[in-house]
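# Structural features, examined
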Amino acid sequence: MAPGAACRVSVLREPGPGLARFVAAQAAAAGGRFTLGVSGGSLVELLALHLPSAVRACPSGPGPWLLALCDERLVPPEHPDSTAGAYQARLLPRMPSPGPTLLAPSPRLAPAAAAADYAARLRQAFPGEPVPVFDLLLLGVGPDGHTCSLFPGHPLLQEQEAVVAAITDSPKPPPERITFTLPVLNAAKAVVFVATGEGKAAVVKRILEGDEENPLPAARVRPRSGQLCWILDEAAAKELTIPVENSIP
Ligand SMILES: O=C1O[C@H](COP(=O)(O)O)[C@@H](O)[C@H](O)[C@H]1O
């Protein structure tokens, strides 16, 4: 993490319930429409297990949520790698009414067309905002430091114009994916990374304590004026030496 980037790190024995309460509180604070961007992978199950009850417990009740995928693998929705399919099967049926509106790339289009189509639908969802400003983005990180479908050393890390991009050579299968670019991630009002398990410990240390010339993709997420927070379990945090908190700010 570059020196000076304001970043809070919370280490929790079980991150799911605290994360879900944080998301529900952010939604309530939004007052009207709540725009939430989500990654896939292990985050889906964490949210599916804990978010519905946290939203139900909120006194204000759920408002209109826009739930947009930060990245998607271009596979049919019924494929086990489909992030939209996973949210549709695991989270959405459990959410209290009115449930979130899901915005996701179309897996039926070729990569470049799917990226253009998703960018157009984002523009409609965020009228007047050249770069959509999400209330909250929940991101994961791979053991290689990738986030969304932005991979280490990939030219997409240099993208400054497009808000959505296609990748056809993802080093992690499947190779064809659609992803938000860094300009969207860094425009958000708040970004929360969630990492659990020992397999993430080394990369979490590199990202949060390293000062690398060529930062890993997740280390390049530093919202310009929004909050940045990492929520870790004890296993993912085990190599850290920086000060951490034991609750979510
Ligand atoms: O491929 C992907 O991996 C990352 C990390 O997933 P995890 O299962 O290690 O948490 C995920 O955030 C991203 O959305 C996904 O496309």
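Residues numbered from 1 in each chain as written. Predicted model: local features only at pLDDT ≥ 70, side-chain atom pairs only at ≥ 80, totals over all residues. Heavy atoms only, no water.

Under an unreviewed UniProt entry, the name given to the protein chain is 6-phosphogluconolactonase, and the source organism is Melopsittacus undulatus. The Sequence similarities (unreviewed entry) field of the UniProt record for the protein chain holds the comment "Belongs to the glucosamine/galactosamine-6-phosphate isomerase family. 6-phosphogluconolactonase subfamily." (UniProt positions renumbered as here; feature names shortened; annotations may be inferred.)

The next point concerns the overall build of the protein chain. Counting secondary structure elements, the protein chain contains six helices and 10 strands. Rg of the C-alpha trace for the protein chain: 17 Å, near the compact-globule value of 18 Å for 249 residues, within the 12% margin. Overall size of the protein chain, expressed as C-alpha extent along the three principal axes, is 45 × 45 × 35 Å. Buried positions account for 53% of the 249 residues belonging to the protein chain. Excluding contacts between residues fewer than 6 apart, the proportion of contacts in the protein chain whose partners are at least 24 apart in sequence is 78%. Looking at the protein chain as shown, the accessible area adds up to about 10700 Å², and 53% of this sits on carbon and sulfur atoms. One finds the centroid of the 21 positive side-chain charges in the protein chain at a distance of 5 Å from the centroid of its 23 negative side-chain charges. (Helix = DSSP H or I, 4+ residues; strand = E, 2+ residues; numbered from the N terminus. Rg over C-alpha atoms; globule rule 2.2 N^0.38 Å. Buried < 20%, exposed > 50% of the residue type's maximum accessible area, 1.4 Å probe, protein only. Contact = heavy atoms within 4.5 Å. Areas by Shrake-Rupley, 256 points an atom, 1.4 Å probe, with all protein chains shown as cover. Lys, Arg positive; Asp, Glu negative; His and termini not counted. Charge placed at Lys NZ, Arg CZ, Asp CG, Glu CD.)

What follows is about the sheet that holds strand β2 (residues 34-38). Strand pairing in a sheet relies on backbone hydrogen bonds. The paired strands run either parallel or antiparallel. Taken in spatial order, the seven strands make up an open sheet running β1-β10-β9-β6-β2-β3-β5, and their pairing is parallel. Every other strand in the sheet has two partners, leaving β1 (8-11) and β5 (101-103) as the edge strands with one partner each. Sheet twist, expressed as the average angle between the axes of neighbouring strands with direction ignored, equals 20°. Judged from the four bridges that link them, β1 and strand β10 (residues 227-232) form a sheet pairing that is parallel. The residue bridging serine 10 from the neighbouring strand is isoleucine 231, located in β10. Along the sheet, helix α4 (residues 111-125) makes contact with β3 (65-69) and β5, crossing β5 at roughly 140°. Helix α6 (residues 201-209) contacts β1, β9 (190-195) and β10 of the sheet and is inclined by roughly 155° relative to β10. (Pairing = 2+ DSSP bridges. Axes fitted to C-alpha atoms, helices over the stretch in contact; angles between N-to-C directions.)

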